[in-house]
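# Observations on the model geometry
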Amino acid sequence: MISLAGRDILHSWGKFVLTGIGLGLLIGVTLTMAGVYRGMVDDARALLDNSGADLWVVQQDTQGPYAEASSLRDDVVRSVLGLPGVARAANVTYLTMQVRASEGPAQKAGREVRAMIVGFEPGQPGAPGYLVAGRHITRSHYEAVVDVRTGFMLGQRIRIRRHDYTVVGLTQRMVSSGGDPMVFIPLKDAQEAQFLKDNDAILNDRARTAANPGLNRPGVPGLLEAIQASQAANHNVNTVLVQVRPGVPAETVAEPIRRWKHLEAYTRAQMEEILVAKLIATSAKQIGMFLVILAIVSAAIVAFIIYTMTLGKIREIAVLKLIGTRNRTIAGMILQQALGLGLIGFIVGKVAATFWAPIFPKYVLLEVNDALLGLVAVMVICALASTLAIRAALAVDPAAAIGG
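So, a few notes on the structure that sits alongside this text. Predicted, not measured: the structure shown is a model, and the values here were computed from it.

### Examining the overall build of the protein chain
Summing up its helical and strand segments, the protein chain has 12 helices and 12 strands in all. In the protein chain, the share of contacts with a sequence separation of at least 24, taken over all contacts with a separation of at least 6, comes to 76%. Surface accessibility of the protein chain: about 20,100 Å² in total, with carbon and sulfur atoms responsible for 61%.

If you want it as structure tokens, here you go:
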């Protein structure tokens, strides 16, 4: 009996394979888009894991340091430490900015990297959990630990705002929710980088303060100097990271903070909800739209290819009908051809996505479950796409086998 799929593979194997490769590259793009979304979710969870916190204490009526601006006085940590159930608490600042390499190899000097600057207290929540090279920060100023994705090297000097920092350690998989690599510096340096003004702005503020008669009273010596000193000092942080004692529910500690401290406190589950369901929700919808469009395009391509191949075998189909082959058998042959094309395309796509995923700027996480769902989706799409060709085949007149 004539096999339609076998005939195409044996006599037009080049066309069949090239078609499968083209479809495979499209499927590879689809798998990669799903991997980009998975990577975004994993980045958000990695950010929470790397903080080492059970609670995030932030400014009242805000959604935390990752989704909204939050500013607290750094003495808040002392009142948090005094609460029952709190094991450790530490001030942390976050600032996303361009970091420039001020020294290094010629090809890297002056290169800028968008990174999240983390100001932390050594040995406290918020510090980098592990290093892959170098050492931890030991000085109180001008040392940095960076994620390897920044491209900076040990001993290299990088510039953050007005100061240069020496890279003393390298860590890995320390990223923001947007996938930006982290740069860890001492808390005092980070407070200065984030909250203090530049020199010209400070001079202008001092001049304005001195020109204000209510702040520069002749009969009150030292008032102007005290006000100017308070304006130049910075005692703000973005969040207080809290670790609770073993066996103590995080919500038990969070509730009195919200009630009595006039602050907001988020547990790990609540912060993950903010990052995944709110912060990257728009990106997730956009990726979902791309996946739908790619699925429609894939179905259209498979339908057109199978339909074209079927039209090229009208005489063979007529012969099959003439010798009494049932319609179900003919439909099964066309379906077999469509599924075979889809299987080849999926294998090509999975291999392609695996090879090019590591070179993407953002983290791409290819999960086995997504691959299995992708395989099922490809087979279903191919089966549905073959219906057009099956209808055309079943409409063939057996007399065409003996016609001109």
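Once you've had a look at it, read on.
### Looking at the packing of aromatic side chains
Counted under the stated rule, the structure contains three aromatic pairs. A ring pair is formed by phenylalanine 120 and phenylalanine 184, whose centres lie 5.9 Å apart and whose planes are at 85°; its orientation type is edge-to-face. One end of the pair, phenylalanine 120, is in strand E4 (residues 112-120); the other, phenylalanine 184, is in strand E9 (residues 182-186), and 64 residues separate them in sequence. For phenylalanine 120, a relative accessible area of 4% corresponds to the buried category. Cation over ring: arginine 173 sits above tyrosine 363, and NZ or CZ is 4.0 Å from the ring centre.

### What about the nonpolar core?
Core analysis: the largest hydrophobic core is formed by 28 residues, its most contacted members being Ile27, Val302, Ile306, Ile330, Ile334, Leu341 and Phe346. At the level of secondary structure, the elements contributing two or more residues to this core comprise helix H2 (13-51), helix H9 (281-311), helix H10 (314-322), helix H11 (327-356) and helix H12 (368-394). Sorting elements by how many residues they give to this core places H11 first, with eight residues. Membership of the second largest hydrophobic core comes to 24 residues, among which are Val58, Val118, Met182 and Ile274.

### Concerning the packing of H9 against H11
Where H9 meets H11, the closest approach of the two axes is 11 Å, and the angle between their N-to-C directions is 135°. Taken together, H9 and H11 sit at an angle that is classed as oblique. For the crossing formed where H9 meets H11, the hand is right-handed. Residues Ile305, Ile306, Met309 and Thr310 of H9 touch H11, and the partners they reach there are Ile334, Gln337, Ala338 and Leu341.

### Observations concerning the pairing of strand E3 (residues 86-101)
Judged from the six bridges that link them, E3 and strand E11 (residues 239-244) form a sheet pairing that is antiparallel. Note that in E11 the partner of alanine 90 across the bridge is leucine 241. Here E3 pairs with E4 via eight bridges, running antiparallel. Counted as the bridge partner of methionine 97 is alanine 115 from E4. Looking at chain direction, E3 and strand E7 (residues 157-160) are connected through two bridges and run antiparallel. Each bridged residue has a counterpart across the sheet, and for alanine 101 the counterpart in E7 is isoleucine 158.

### Points about the pattern of salt bridges
One pass over the structure, following the stated rule, counts 14 salt bridges. Between arginine 173 and aspartate 42 there is a salt bridge, with its nearest N and O atoms 2.7 Å apart. Here aspartate 42 lies in helix H2 and arginine 173 lies in the loop between strand E8 (163-171) and E9, a separation of 131 residues in the sequence. A salt bridge links arginine 268 to glutamate 272, with the nearest nitrogen and oxygen atoms 3.6 Å apart. With arginine 268 and glutamate 272 both in helix H8 (residues 268-279), this residue pair falls four residues apart, about one helical turn.

### As for H12
The end-to-end C-alpha separation of H12 is 39 Å, in line with the 39 Å expected for 27 residues at 1.5 Å each. The sharpest bend along H12 reaches about 30° and sits at leucine 388. What H12 keeps buried is the set Asp370, Ala371, Gly374, Val378, Cys382, Ala385, Ser386, Ala389, Ile390 and Ala393.

Analysis parameters
Residues numbered from 1 in each chain as written. Predicted model: local features only at pLDDT ≥ 70, side-chain atom pairs only at ≥ 80, totals over all residues. Heavy atoms only, no water. Helix = DSSP H or I, 4+ residues; strand = E, 2+ residues; numbered from the N terminus. Contact = heavy atoms within 4.5 Å. Areas by Shrake-Rupley, 256 points an atom, 1.4 Å probe, with all protein chains shown as cover. Phe/Tyr/Trp six-rings, centres within 6.5 Å; stacked < 30°, edge-to-face > 60°. Buried < 20%, exposed > 50% of the residue type's maximum accessible area, 1.4 Å probe, protein only. Lys NZ or Arg CZ within 6 Å of the ring centre and 35° of its normal. Core = buried A, V, L, I, M, F, W, Y, C linked by side-chain atoms within 4.5 Å. Axes fitted to C-alpha atoms, helices over the stretch in contact; angles between N-to-C directions. Parallel < 35°, antiparallel > 145°, perpendicular 65-115°, else oblique. Left-handed = near helix turned anticlockwise from the far one by under 90°. Pairing = 2+ DSSP bridges. Salt bridge = Lys/Arg side-chain N within 4 Å of Asp/Glu carboxyl O. Expected span 1.5 Å × (residues − 1). Bend = angle between axes of the 7 residues up to and from the residue.

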